[in-house]
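# Architecture and fold: a report
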Amino acid sequence: MRGNGTGWSEDGATGVSVIIAAHRAHGTIVRAVQSLLEQEWTEWEAVIVSDDGTDYRPTLRAAGIDDPRLVFASTGRVGAGAPAARNAGLDAARLALVAPLDADDRFRPGRLSALVPLALARGAAFDNVAVVRDEDDSPLLRLFEDGQAPALLDGEGFVATSVPMFPVVRRDLVPGWDEDVNFCDDVVFNVRVLDATGPVPLVATPFYEYRQRAGSITFSADSGERAERCYRHVLERLAGDGLGIRDEALRQVFARSIAAKRARNAAYEAAFKAGRCANFQEFLALGEG
């Protein structure tokens, strides 16, 4: 049930559609959805998009979760990729705001209460991100340490970051996800959001928990190669159609940041092959990035 928390309106004008792209996520989907059930802001829907040809309803029901705010969709394919799944979720979304949530991550309590009013007022809002090792819940790093988070985030500030960020965005400003950008799609999405909004609030509290899990794409042996292919493709798009980014200065800053990310990715590849880290976030935690 929706409960008696804050944030309910009859017309959905203060609601947020949380889009969860699900590929082989039966082991983590309960945790992701449970983190929404624990939110004080109750006007949300979870749009769970299957990208593996399976039905996630039985998994959730087996855990005692059968909520009217759950919406189920599908890409109609297997392994179409996170951008395609998120776009399918966007098509099914019905509320005023949109927020992505990876199926193996979670929102910490209070996230929607903190971000939704800001996003409604300013077009979008971001928060700090805590990177956590999934196997033992040990913290790896935070996007911003205490006292380092800016009050406002703009495109230039965003492209200087190295940890994925997941905004709450007003639906009419959502650019969609580029399905030909299949590794760093979240980076492109966020730059396009900030191109549309200009500087937006950044909440210093780490309300988003980014889980590093063995078997995920960032643990794959070819993750560095996949990142390099993505960076090359993004640079080609920037030189061509500009990825739809209207601000020329931001396009240039973004291109420079991609060049820096390629250099950092090369250093990660060397560290990974030497056995010093298992994934990119552990590499960053070593202080080598």
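So, here is what we can say about the structure in this document. Note that the structure is a prediction, hence the values are computed from the model and not measured.

Once that is clear, we can look at the overall build of the chain. Looking only at helices and strands, the chain has nine helices and ten strands in total. Here the C-alpha radius of gyration of the chain, 18 Å, is about what a compact globule of 289 residues would show, namely 19 Å. Dimensions of the chain, computed from the C-alpha atoms along their principal axes, are close to 50 × 40 × 40 Å. Looking at the chain as a whole, 54% of its 289 residues are labelled buried.

A few words on the pattern of salt bridges. Within the structure shown, the criterion is met by 28 salt bridges. R133 is the salt-bridge partner of D136, the closest N and O atoms lying 3.9 Å from each other.

Counting buried positions along helix α3 (residues 82–92) yields eight of eleven residues, so the element is predominantly enclosed. All of the buried residues in α3 are P83, A84, A85, R86, N87, A88, G89 and L90. Buried residues along α3 sit against β1 (16–22), β2 (44–50), β3 (70–74), β4 (97–100) and α6 (185–197).

With that settled, consider empty space enclosed by the protein. A water-sized probe rolled over the atoms picks out the places where empty space is left. Tallied over the entire structure, the rule returns one cavity of 30 Å³ or more. Looking at the largest cavity, its volume works out to about 50 Å³. What lines the largest cavity is simply R86, P100, M165, F166, P167, W177, D186, F189 and N190. The element best represented in the lining of the largest cavity is α6, accounting for three residues. Grouping the amino acids of the lining of the largest cavity by side-chain chemistry returns six nonpolar, one polar and two charged.

About the criteria used
- The residue count restarts for each chain, going from 1 along the sequence in the order it is written.
- Thresholds applied to this predicted model are a pLDDT of at least 70 for local features of residues and 80 or more for the giving and counting of side-chain atom pairs; totals over whole chains, interfaces and linings are not thresholded and use all residues.
- As a rule here, side-chain values come from all non-hydrogen atoms in the structure, and water together with hydrogens is ignored.
- In this text, helices come from DSSP runs of H or I with a minimum length of four residues, and strands from runs of E with a minimum of two, each type numbered from the N-terminal end.
- To get the radius of gyration, use the C-alpha atoms; to get the globule rule, take the number of residues to the power 0.38 and multiply by 2.2 Å.
- The buried label goes to any residue with under 20% of its type's maximum accessible area, the exposed label to any with over 50%, and the partly exposed label to all in between, with areas taken from a 1.4 Å probe on protein chains only.
- We define a salt bridge as a side-chain nitrogen of Lys or Arg found within 4 Å of a carboxyl oxygen belonging to Asp or Glu.
- Only heavy atoms enter the contact rule, under which two residues are in contact if any of them lie within 4.5 Å.
- Computed over the protein atoms alone on a 1 Å grid, cavities are sets of points where a 1.4 Å probe fits but cannot get out and pockets are open sets with protein on both sides within 12 Å along at least five of seven lines; a residue lines them when it has an atom within 4 Å of a point.
- Grid points are joined across faces, edges and corners, and a volume is the space filled by probe spheres set on the points.
- Throughout this entry, Asp, Glu, Lys and Arg are counted as charged residues, while Ala, Val, Leu, Ile, Met, Phe, Trp, Tyr, Cys and Pro are counted as nonpolar. The remaining residues, Gly among them, count as polar.

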